[in-house]
Amino acid sequence: MKSRGLVVGVALLGILMQTASAPAAPQPIKVAASIFPLADIVRQIGGKRVTVTTLLPAGASEHTFEPSASQIRQVADASLYVRVGAGLDGWADKLIASARQRPLTVTVTATNGIRLLAVAEQQLHPENGGDADHHDGDDPHVWLDPILVRDHLLPAVTDALSQLSPADASYFKTNSKNYALALTRLDQELRSSIDKLPRKGFIAMHGAWAYLAKRYGLTQVAAVEPFPGKEPSARYLVQLVSIARKQGVTTIFAEPQLPAKGAQVIAAEIGGRVLLLDPLGGEGVAGRDSYLGLMRHNLATITGGMR
Ligand SMILES: [Zn+2]
């Protein structure tokens, strides 16, 4: 009896020791990100230790998107949620809130700690109804400035991942350092190319580019759709044409996620041209399926178009 108990005990001990000496690979951290650029940045830092779900599908606008009930399943067990904040991705907040059975472990908000610019187009849209539900006066498009990403979002994501998986903290830190260097190189490319441009003013499809413009000395003169998804009135377009003429603007940047009609109307009036800038990119969108690729694609459009 006694020896049999001992044998079982030794066998059990063996199993326990085996488990202790060769632990199963830990599960990756499940992350939900509201828009693709944030998802890609989390992947750059989290590497093989994260699985990231992007809530906004490629091709949808961050301002007009309505998530579907089936998306709730994708995020129910996320332990990190990364969002823009400043009123941009309330739809994602709602999705996360209804998906969670227990409170989220960690949320990272990209606009936190940044002195936000005011939405610049206020004076131009009285006839559009004054519905400011998307922006609330603060411009949320901080991810389109790689220096803001490097100095604010990168450390916040690195901290959050390290908090969720302390054993991987040095791995995350190394990835974060390397990615910060890549962002610095991107910044240098943007600066040196944009510096050389003879024209600095442009009309945007929606007011997404103020941080980029401020960083590199461009001027986002106005937006075709100050409230994305709301078609501009004829009167507003007439105003834009007169502003464009006054300021010598010949470049209108449309965007893949919004209809380009308004932009084409203005361009035809002023003899300018419509080029495509993309604030979001996305999974499987050729050349724009990483944050760095997206920004370089936009840089090529800006330098090609604003000569
Ligand atoms: Zn936007």
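Refer to the structure presented above.
Residues numbered from 1 in each chain as written. Predicted model: local features only at pLDDT ≥ 70, side-chain atom pairs only at ≥ 80, totals over all residues. Heavy atoms only, no water.

Colleague: Which residues make up the pattern of salt bridges, and what values do they have?
Modeller: In this structure the tally under the stated criterion is 11 salt bridges. Measuring nitrogen to oxygen at the nearest pair gives 3.3 Å for the salt bridge that ties Glu283 to Arg43. Here Glu283 is found in the loop between β8 (273–276) and α10 (291–305), whereas its partner Arg43 is found in helix α2 (residues 36–46), with 240 residues between them in sequence. Looking at Glu283, the relative accessible area reads 47%, which means it is partly exposed. Note that Asp278 is salt-bridged to Arg288, the shortest N-O span being 2.7 Å. On the criterion of sequence distance, the pair formed by Asp278 in the loop between β8 and α10 and Arg288 in the loop between β8 and α10 is long-range, its members being 10 residues apart. Assigned by exposure class, Asp278 and Arg288 land together as buried. (Salt bridge = Lys/Arg side-chain N within 4 Å of Asp/Glu carboxyl O. Helix = DSSP H or I, 4+ residues; strand = E, 2+ residues; numbered from the N terminus. Buried < 20%, exposed > 50% of the residue type's maximum accessible area, 1.4 Å probe, protein only.)

Colleague: Could you give an account of the coordination of the zinc ion, naming the residues involved and the relevant values?
Modeller: Within the protein, the atoms that donate to the zinc ion are Glu62 (OE), His63 (NE2), His141 (NE2) and His206 (NE2), at distances of 1.9 to 2.0 Å. For the zinc ion, the four donor atoms are set out with angles of 98 to 121 degrees between them, so the coordination reads as tetrahedral. Written as a sequence motif, the donor residues of the zinc ion are E-H-x77-H-x64-H. Placement of Glu62 in the loop between β2 (50–54) and α3 (71–75) and of His141 in the loop between β4 (106–109) and α5 (146–164) is noted, with a sequence separation of 79 residues between them. Just as Glu62 is buried, His141 falls in that class too. (Donors = N, O, S within 2.8 Å, 3.2 Å for Na, K, Ca; no water. Tetrahedral: all angles 85-135°; square planar, octahedral: opposite > 155°, others 65-115°.)

Colleague: Give a detailed account of the sheet that holds strand β6 (residues 219–223), specifying residues and quantitative values.
Modeller: The strand order across the open sheet built from four strands is β6-β5-β7-β8, with neighbouring strands paired in parallel fashion. Each edge of the sheet is formed by a strand with only one pairing partner; in this case those strands are β6 and β8. Taking the axes of each pair of neighbouring strands and ignoring which way they run, one obtains an average angle of 35 degrees across the sheet. Relative to β6, strand β5 (residues 201–204) is paired through four bridges, and the arrangement is parallel. The residue bridging Ala204 from the neighbouring strand is Ala223, located in β6. Together, β5 and β6 form the strand contacts of helix α8 (residues 234–247), whose direction differs from that of β6 by roughly 160 degrees. The sheet strands contacting helix α9 (residues 261–270) are β7 (251–254) and β8, and the helix crosses β7 at an angle near 170 degrees. (Pairing = 2+ DSSP bridges. Axes fitted to C-alpha atoms, helices over the stretch in contact; angles between N-to-C directions. Contact = heavy atoms within 4.5 Å.)

Colleague: Got a sec to walk through α2? Specific residues and values, please.
Modeller: Burial within α2 is extensive, with nine of its 11 residues counted as buried. Turning to α2, the residues buried within the fold contact β1 (29–33), β2, β3 (80–83), α5, α6 (169–195) and α10. Looking one or two residues past α2, Gly47 carries a phi angle of roughly 50 degrees, positive in sign.

Colleague: Residues and numbers for the pairing of β1, please.
Modeller: For a regular strand, side-chain orientation follows a simple rule: the groups alternate between the two sheet faces. Burial within β1 is extensive, with four of its five residues counted as buried. Here β1 pairs with β2 via five bridges, running parallel. Bridge pairing links Val31 to Val52 in β2. Note: β1 against β3, three bridges, orientation parallel. In the sheet register, Val31 faces β3, and the bridge partner there is Leu80.

Colleague: Run through the nonpolar core, naming residues and quoting values.
Modeller: Core analysis: the largest hydrophobic core is formed by 70 residues, its most contacted members being Val31, Leu38, Val82, Trp143, Leu161, Tyr291 and Ile302. Two domains each put at least three residues into this core: domain 1 (29–119 + 138–187) and domain 2 (196–305). Among residues more than four places away in sequence, those in contact with Leu38 are Ala33, Val82, Arg83, Val84, Ala110, Trp143 and Leu153. Counting 19 residues, the second-largest nonpolar core is a separate cluster that includes Val241, Ile243, Ile252 and Ile270. (Core = buried A, V, L, I, M, F, W, Y, C linked by side-chain atoms within 4.5 Å. Domains from an automatic or database assignment.)

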